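# Close look at the chain arrangement
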Amino acid sequence: MLLRRFVRDALTSPTAGYFSRDVVGSLDAPLAFRSMLGEADYRAALAASYSSAHRAWLTPSEIFHPTYARALARSLAARHARLYPSEPLQLLELGGGRATAAHGILSWLRDEAPALFDRSSYTLVEASARLAEAQRARLLAFAPRVEVVHAGALEWCEGRGGREGAWHVLALELLDNLPHDKLRVRRGALEEARAEQDAGGAWRERFVPLRDETLAEASRVLRVDSFDGAEALEEAMVARPTLGGGRSVPLSARLRKLLRPILGRSREYVDVYVPTDAWRLLKGLAHAVPEHQLTIADFSWLPPQPGGAVASPVVQSQHGGVSRDHKGDIFAAAGGECDVFFPTHFDSLERMCRAVGHKQVQSVTTTTFMAEFADLSETETRCGYNPLLEDFVNTSILVTGGEQMYEDRRRPPDLFY
């Protein structure tokens, strides 16, 4: 099978997939940031939140509830007022976890923009039956304007006709769990990775000539179907983001680039993980909700893995509150044993968005986005450390339909729109 099918089964199989279990955490109460002295107190509070056996991981929207969701709501309301002032606000969230972001957005609309709230609706599309039920229970107070659909995001988008009107689509920490394929780029040849089992039942990968149309198309759009393009993406993704908005390039990567003119031809191939299901999702949204704007938040950088493939996923399991790292070995996830999450190269994501018809696309660091739209006093500690700005520096947010775009991402801009 294609690698993306293996990953999809490992993560979302209804009976044995990773997300069929209770692995999405939530907080019993919001963290009391303003009573914390500084970063040490924040780290201790976060560690205590993770100590429960039922909390495999917490998303930023959970950790910074309700501030994170309120910032999203302000951004959504501002864009809607500019783009569709006379139309109802139709929100579509793909995934949604325990509906923490949805609850925060709807609460802000109800309290701060009641006229817009009165003509709003919120649809959540959730693959996990367990989480879909949790979403219905969490959002009961907002009935009947909320609809929860138990379906995979791809299946929902590709299996229905277009919904009319303006829509705002949210995908928060969704892309990192969308299955990827692995492309092997040789000089003059392209190969796709296939997952197969040996006689003993162990999984392994085997490369065959590229023949999957979706992988071929996505590779062309992302310009990784050539040796130079694959190496360019490799260079872009190895650089670690820093708090100031810059990038720190490892010494090994700098040396490799300097030596490439000498050693380049001795390298036989470059392996690249290609976000084929993200590409399918963007095309599906263009069909399901033709007039839509996007808000996408996810990891923009994750540590490079030992296998050396570009955009390798982090593969982790957790038992009794203790995490185990599997060094990027996707096949450790067989049977739903592990979380598999990929980094998103946001320049490539912008390119895919434009390829499906979006005219105005911009991605910025989460720090920049929150500095513009969040009430920072809600998450600032007593010494001035603010984890909303200073933690999760390896995440970014992409929006479409913004009024003002940035040209220089190295300098935090004054305004987001």
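As shown above, the structure is provided for reference.
Remember, it's a predicted structure, so these values are computed and weren't measured experimentally.

### Examining the overall build of the protein
- In terms of helices and strands, the protein carries 15 helices and 16 strands.
- Evaluated residue by residue, the protein yields a buried proportion of 55% over its 417 residues.
- Contacts in the protein between residues at least 24 apart in sequence constitute 75% of all its contacts with a sequence separation of at least 6.

### Points about the pattern of salt bridges
- Scanning all chains against the criterion turns up 23 salt bridges.
- A salt bridge links Asp 277 to Arg 8, with the nearest nitrogen and oxygen atoms 2.9 Å apart. Here the residue Asp 277 occupies a position in helix α12 (residues 276-288), and Arg 8 occupies one in helix α1 (residues 3-12), the gap between them amounting to 269 residues.
- Glu 234 serves as the salt-bridge partner of Arg 267, at 3.0 Å between the closest nitrogen and oxygen. With a gap of 33 residues between them, Arg 267 in the loop between α11 (251-263) and β10 (269-274) and Glu 234 in helix α10 (residues 227-238) connect regions that are remote in the sequence.

### Thoughts on the environment of Ala 195
- Along the chain, Ala 195 turns up in strand β6 (residues 189-197).
- Excluding its chain neighbours within four sequence positions, the residues that come into contact with Ala 195 are Met 1, Leu 3, Phe 6, Trp 203, Arg 204 and Phe 331.

### Looking at the packing of helix α9 (residues 213-222) against α12
- Relative orientation of the contacting elements α9 and α12 amounts to 85°, with a least axis distance of 9 Å. Taken as axis vectors, α9 and α12 run roughly perpendicular relative to one another. Where α9 approaches α12, its residues Thr 214, Leu 215, Glu 217, Ala 218 and Val 221 are matched on the opposing element by Thr 276, Trp 279, Arg 280 and Lys 283.
- For the contact of α9 with α12, a count of residues per class yields four nonpolar, two polar and three charged.

### Quick word on the pairing of strand β2 (residues 120-126)
- Along β2, six of the seven residues are buried, which leaves the element largely enclosed by surrounding structure.
- Direction of pairing for strand β1 (residues 89-94) relative to β2: parallel, over a ladder of six bridges. Looking at β2, one finds that Gln 90 is bridged to Ser 121.
- Handedness of the β2-helix α7 (residues 129-138)-strand β3 (residues 146-150) crossover: right-handed.

### Remarks on unusual backbone geometry
- Residue His 65 is joined to Pro 66 through a cis peptide bond whose omega torsion reads 0°.
- By secondary structure assignment, the location of Pro 66 is in the loop between α3 (60-63) and α4 (67-83).
- The amide bond that connects Ala 143 to the next residue, Pro 144, takes the cis arrangement and shows omega of 5°.
- Tracing the chain through its elements places Pro 144 in the loop between α7 and β3.
- Within the chain, Arg 223 stands out as a residue other than glycine whose phi angle is a positive 65°.
- One can find Arg 223 in the loop between α9 and α10.
- In the Ramachandran plot, Phe 392 falls in the positive-phi region, its phi being about 55° despite a non-glycine side chain.
- Structurally, Phe 392 is set in the loop between α15 (387-390) and β16 (395-400).

### Quick word on the sheet that holds strand β12 (residues 314-319)
- Spatial strand order, β13-β12-β14: three strands in an open sheet with antiparallel pairing. Each having just a single partner strand, β13 (322-325) and β14 (339-341) make up the two edges of the open sheet. When strand polarity is set aside, the average angle formed by the axes of neighbouring strands in this sheet is 30°.
- Bridge count for β12 against β13 is four bridges, and the pairing is antiparallel. Residue pairing in the sheet places Gln 316 in a bridge with Asp 325 of β13.

### Quick look at the side chain of Arg 4
- Take Arg 4: it is sitting in helix α1.
- Among the polar contacts listed, one links the side chain of Arg 4 to the side chain of Asp 181, at a separation of 2.6 Å.
- At a separation of 2.9 Å, a polar atom in the side chain of Arg 4 contacts the side chain of Asp 212.
- Here Arg 4 is in contact with Pro 179, His 180, Asp 181, Asp 212, Thr 214, Leu 215, Thr 276, Asp 277 and Arg 280, once residues within four sequence places are set aside.

### Thoughts on the nonpolar core
- By size, the foremost hydrophobic cluster in this structure holds 69 residues, and its most contacted members are Leu 92, Leu 94, Val 272, Leu 281, Leu 285, Ile 330 and Leu 349.
- Among the elements that take part in this core, α12 stands out by supplying six residues, more than any other.
- Among residues more than four places away in sequence, those in contact with Leu 94 are Val 125, Ala 153, Val 169, Leu 170, Ala 171, Leu 174, Leu 281 and Leu 285.
- In terms of nonpolar packing, the next biggest core, distinct from the first, is built from 49 residues, Ile 63, Leu 109, Val 146 and Phe 369 among them.

### Re the sheet that holds strand β7 (residues 203-209)
- Spatially, four strands are ordered β7-β6-β5-β10 in an open sheet, and the strand pairing comes out antiparallel. Strand pairing shows two members of the sheet lacking a second neighbour, β7 and β10, which therefore form its edges. Ignoring which end each strand starts from, the neighbouring axes of this sheet average 30° apart.
- The pairing of β6 with β7 spans seven bridges and is classified as antiparallel.

About the cut-offs
Residues numbered from 1 in each chain as written. Predicted model: local features only at pLDDT ≥ 70, side-chain atom pairs only at ≥ 80, totals over all residues. Heavy atoms only, no water. Helix = DSSP H or I, 4+ residues; strand = E, 2+ residues; numbered from the N terminus. Buried < 20%, exposed > 50% of the residue type's maximum accessible area, 1.4 Å probe, protein only. Contact = heavy atoms within 4.5 Å. Salt bridge = Lys/Arg side-chain N within 4 Å of Asp/Glu carboxyl O. Axes fitted to C-alpha atoms, helices over the stretch in contact; angles between N-to-C directions. Parallel < 35°, antiparallel > 145°, perpendicular 65-115°, else oblique. Nonpolar A, V, L, I, M, F, W, Y, C, P; charged D, E, K, R; others polar. Pairing = 2+ DSSP bridges. Right-handed = clockwise from strand over helix to strand, strands pointing away. Polar contact = N/O pair within 3.5 Å; in protein donor to acceptor, adjacent residues only side chain to side chain. Core = buried A, V, L, I, M, F, W, Y, C linked by side-chain atoms within 4.5 Å.

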